[in-house]
Amino acid sequence: MEDRQKYLQDKLKEFNRSYNALGHLNSYSDKQIKRQWKEESSRTQRQWQSIQSISDVTRYVNGFTGTVAQYKNIRGLFSDAYEMDLALYRAVNAIQKMAQCYDIDDFDFCNFSIDNIDKMFNTLYKGVEEMQKVNMHRAMQD
């Protein structure tokens, strides 16, 4: 079980090196987005307590990919990039909770196999790739 927990932690570190959602959220210079991020940041910290199962983590990962899909085929606004980064940050935060509490009996995280961990991160990487395409497409339209 410790091997799977370490594997999950390593995959999370690797993912965070490839795309730092928190860094992106902190880098927005628009005043309204900064104010919104300040509120959302504390809300996301409270999210930590509500994550108690694999299905909770999966819901956040699917929420990220759903947010990206929502903005994929529309001419969007600058704030859409923020919404995608926020959804990704929430997903990463949920995975962080799973990694930290993997071996605690109160949660079912230990039932998440290495194969499931790989699938989850593949979903995240594909979502980030799509998000970057959406942002690039939007930048070319402006």
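Residues numbered from 1 in each chain as written. Predicted model: local features only at pLDDT ≥ 70, side-chain atom pairs only at ≥ 80, totals over all residues. Heavy atoms only, no water.

Draft legend 1. Representation of the overall build of the protein. Scanning the protein for helices and strands turns up six helices and zero strands. Whereas a compact globule of 142 residues would reach a radius of gyration of roughly 14 Å, the protein reaches 16 Å, a difference of no more than 12%. The buried share of the protein, reckoned over its 142 residues, is 40%. Accessible area of the protein: about 8,300 Å², with a carbon and sulfur share of 48%. Of the side-chain charges in the protein, 20 are positive and 20 negative, and the distance between the mean point of each set is 6 Å. (Helix = DSSP H or I, 4+ residues; strand = E, 2+ residues; numbered from the N terminus. Rg over C-alpha atoms; globule rule 2.2 N^0.38 Å. Buried < 20%, exposed > 50% of the residue type's maximum accessible area, 1.4 Å probe, protein only. Areas by Shrake-Rupley, 256 points an atom, 1.4 Å probe, with all protein chains shown as cover. Lys, Arg positive; Asp, Glu negative; His and termini not counted. Charge placed at Lys NZ, Arg CZ, Asp CG, Glu CD.)

Draft legend 2. Just the environment of threonine 67, in detail. If you trace the backbone, threonine 67 turns up in helix α4 (residues 54-72). Apart from the residues within four sequence positions on either side, threonine 67 is in contact with Glu83, Met84 and Ala87. (Contact = heavy atoms within 4.5 Å.)

Draft legend 3. Region of interest: the pattern of salt bridges. Taken as a whole and assessed by the stated rule, the structure comprises nine salt bridges. Glutamate 130 is paired through a salt bridge with lysine 72; the nearest N and O atoms lie 3.2 Å apart. Residue glutamate 130 is located in helix α6 (residues 114-141), and its partner lysine 72 is located in helix α4; the two are separated by 58 residues in the primary sequence. The class of glutamate 130 is partly exposed, set by a relative accessible area of 22%. By relative accessible area, lysine 72 is classed as partly exposed at 42%. By sharing partners, the salt bridges in this structure join Lys72, Glu129, Glu130 and Lys133 into a single network. (Salt bridge = Lys/Arg side-chain N within 4 Å of Asp/Glu carboxyl O.)

Draft legend 4. Summary view of the environment of asparagine 73. Positionally, asparagine 73 belongs in the loop between α4 and α5 (78-100). Judged by its relative accessible area of 70%, asparagine 73 falls in the exposed class. Sequence separation of asparagine 73 and phenylalanine 112 is 39 residues, and the distance between their C-alpha atoms is 33 Å.

Draft legend 5. Broad picture of helix α1 (residues 2-18). Here α1 contains 17 residues, and its C-alpha end-to-end distance of 24 Å stays within 8% of the 24 Å for a straight helix at 1.5 Å per residue. Of the positions making up α1, those classed as buried are Gln5, Leu8, Lys11, Leu12 and Phe15. Axial view of α1: buried residues confined to an arc of 125°, hence all on one face. Residues of α1 that are exposed and angled more than 90 degrees away from the buried face: Glu2, Asp3, Lys13 and Arg17. (Expected span 1.5 Å × (residues − 1). Arc of directions from axis to C-beta.)

Draft legend 6. The confidence of the model for the protein, seen in detail. When the pLDDT values of the protein are averaged, the result is 90; 94% of them are 70 or greater. Helix α3 (residues 31-50) is the least confidently modelled element of the protein, averaging 88 in pLDDT, while α4 averages 94, the highest of any element. (pLDDT = per-residue confidence, 0-100.)

Draft legend 7. Up close: the side chain of aspartate 80. Looking at where aspartate 80 falls in the secondary structure, it is placed in helix α5. A residue is classified by how much of its surface remains accessible, and aspartate 80, at 7% relative accessible area, is buried. Look past the residues within four positions of aspartate 80 in its chain and what remains in contact with it is Tyr71 and Arg138.

Draft legend 8. Quick peek at the state of the cysteines. By the definition in use, this model includes zero disulfides. With no disulfide of its own, cysteine 101 lies closest to cysteine 110 among cysteine sulfurs, the gap being 12 Å. (Disulfide = S-S within 2.5 Å.)

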